[in-house]
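In case you want the letters, here they are:
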Amino acid sequence: AQKVTQAQTEISVVEKEDVTLDCVYETRDTTYYLFWYKQPPSGELVFLIRRNSFDEQNEISGRYSWNFQKSTSSFNFTITASQVVDSAVYFCALRGAYNTDKLIFGTGTRLQVFP
Amino acid sequence: DARVTQTPRDKVTEMGQEVTMRCQPILGHNTVFWYRQTMMQGLELLAYFRNRAPLDDSGMPKDRFSAEMPDATLATLKIQPSEPRDSAVYFCASGLGTSTDTQYFGPGTRLTVL
């Protein structure tokens, strides 16, 4: 069975702090895809990143970075120098590569960034 | 900037009424998904289509829910009759249907059944 765990329900930080959102996944597939989505207070789900299981290179996009470690089945997301606009619920998701398009979502981490 | 669109954005209805939600996928996307988000269950897949054919609707309550794609630019999710427990945000997402696909979500329809 596939599963995504986001153990942090809610995180509060003050602007300019760095924050890491944890994501741990379970799958028996050898090929799979991991995703992060952002859900701001307005409610829409915004795609942030997709990572393939065979590509363990970390990725940086501006203040966002992702650390993928197959050895620990983790795909953590770090926001550097957080801003109030980063306040949102962040979802990690998993999809197998074979015979399924289904995204398995974690329960989300609510990030609040205070000025 | 191509986006998935959903209508209505908000719907308040009374128990027993029929509800129809509509989704326009991104042009060129051949796979359309319907998700439901609640506080208790989180995000759960209800059904999805590829090239307008239903591939999986195992997440959908069959007795009252139905999903269709009348054409490539329109997907519908219907609830009849609606119940208070159907209150949720319903998201539509679309994708290219490849093995490396990314699903792009619409803004959602917030349904409240009184």
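Our subject is the structure that appears above.
Keep in mind it's a predicted model, so treat the numbers as computed, not measured.

So, how was this worked out
Residues numbered from 1 in each chain as written. Chains lettered and ligands numbered in written order. Predicted model: local features only at pLDDT ≥ 70, side-chain atom pairs only at ≥ 80, totals over all residues. Heavy atoms only, no water. Core = buried A, V, L, I, M, F, W, Y, C linked by side-chain atoms within 4.5 Å. Buried < 20%, exposed > 50% of the residue type's maximum accessible area, 1.4 Å probe, protein only. Helix = DSSP H or I, 4+ residues; strand = E, 2+ residues; numbered from the N terminus. Contact = heavy atoms within 4.5 Å. Phe/Tyr/Trp six-rings, centres within 6.5 Å; stacked < 30°, edge-to-face > 60°. Salt bridge = Lys/Arg side-chain N within 4 Å of Asp/Glu carboxyl O. Buried area = accessible area lost by both parts, 1.4 Å probe. Polar contact = N/O pair within 3.5 Å; in protein donor to acceptor, adjacent residues only side chain to side chain. Disulfide = S-S within 2.5 Å.

Asker: Hey, could you run me through the nonpolar core in this one?
Answerer: Among soluble globular proteins, nonpolar side chains are generally buried collectively. Within the largest apolar cluster, 24 residues are counted, with the highest numbers of intra-cluster contacts made by W36, F75, F77, Y90 and L111 of chain A. The element that contributes the greatest number of residues to this core is strand β10 (residues 88–96) of chain A, accounting for four residues. The residues touching Y90 of chain A, leaving out its near neighbours within four places in the chain, are Q6, L21, W36, Y37, K38, L48, Y64, F77, I79, G108, T109 and L111 of chain A. One finds F65, M69, I79 and C92 of chain B within the second-largest nonpolar core, a separate group that totals 22 residues.

Asker: Teacher, can you tell me more about the packing of aromatic side chains here?
Answerer: Two descriptors summarise a pair of aromatic rings, namely the distance from one centre to the other and the angle between the planes of the rings. Under the criterion given, the structure shown has 21 aromatic pairs over all chains. Between the aromatic rings of Y25 of chain A and Y32 of chain A, the centroid separation amounts to 5.2 Å while the plane-to-plane angle is 50°, which identifies the pairing as tilted. Y32 of chain A carries the same exposure label as Y25 of chain A, and that label is buried. When the ring of F68 of chain A is compared with that of F75 of chain A, the centres are 5.9 Å apart and the planes differ by 80°; the resulting orientation is edge-to-face. No difference in accessibility class separates F68 of chain A from F75 of chain A, as the two residues are buried. Of the aromatic side chains, those joined through ring pairs into one cluster are F35, Y37, F47, F91 and F105 of chain A together with F33, Y35, Y48, F91, Y104 and F105 of chain B.

Asker: Looking at this structure, I do not really get the pattern of salt bridges. What am I missing?
Answerer: A pair can form between side chains of opposite charge whenever their charged atoms are brought close. According to the stated counting rule, one finds nine salt bridges over all chains in the structure shown. E59 of chain A is the partner of R51 of chain A in a salt bridge, and the nearest nitrogen-oxygen pair spans 2.8 Å. For E59 of chain A, a relative accessible area of 31% translates into the label partly exposed. A salt bridge links R64 of chain B to D86 of chain B; the shortest N-O distance between them is 2.6 Å. Residue R64 of chain B is found in the loop between β6 (53–56) and β7 (65–71), and its partner D86 of chain B is found in the loop between β8 (74–79) and β9 (88–95); the two are separated by 22 residues along the sequence.

Asker: I'm lost on the interface of chain B and chain A in this one. Help?
Answerer: Interfaces are often described in size by the accessible area the parts lose on coming together. Taken residue by residue, the interface counts 19 residues in chain B and 17 residues in chain A. Summing the contributions of chain B and of chain A, the shared interface buries around 1500 Å²; its carbon and sulfur component is 52%. Our count for the chain B to chain A interface comes out at one salt bridge. Here R50 of chain B makes a salt bridge to D101 of chain A, at a shortest N to O gap of 2.6 Å. Our count for the chain B to chain A interface comes out at six residue pairs in polar contact (both at pLDDT 80 or more). Secondary structure elements with two or more residues in the side of chain B that touches chain A: β4 (31–38), β5 (42–50) and β10 (104–105) of chain B.

Asker: Just to check I follow, could you spell out the state of the cysteines for this structure?
Answerer: Note: disulfide means a covalent bond formed between the sulfur atoms of two cysteine side chains. Applying the stated criterion across every chain yields a total of two disulfides over all chains. With its sulfur 2.0 Å from that of its partner, C23 of chain A forms a disulfide with C92 of chain A. Its S-S torsion of approximately -65° makes the covalent link between C23 of chain A and C92 of chain A left-handed. Here the residue C23 of chain A occupies a position in the loop between β3 (19–21) and β4 (24–26), and C92 of chain A occupies one in strand β10, the gap between them amounting to 69 residues. For the residue pair C23 of chain A and C92 of chain A, the accessibility class agrees, reading buried in each case. A sulfur-sulfur separation of 1.9 Å characterises the disulfide bridge that pairs C23 of chain B with C92 of chain B. One quick way to see it: the torsion about the S-S bond of C23 of chain B and C92 of chain B is about -55°, and its sign makes the bridge left-handed. Taken as a pair, C23 of chain B in strand β3 (residues 19–24) and C92 of chain B in strand β9 lie far apart in primary sequence, 69 residues in all. The class for C92 of chain B is buried, based on a relative accessible area of 0%.

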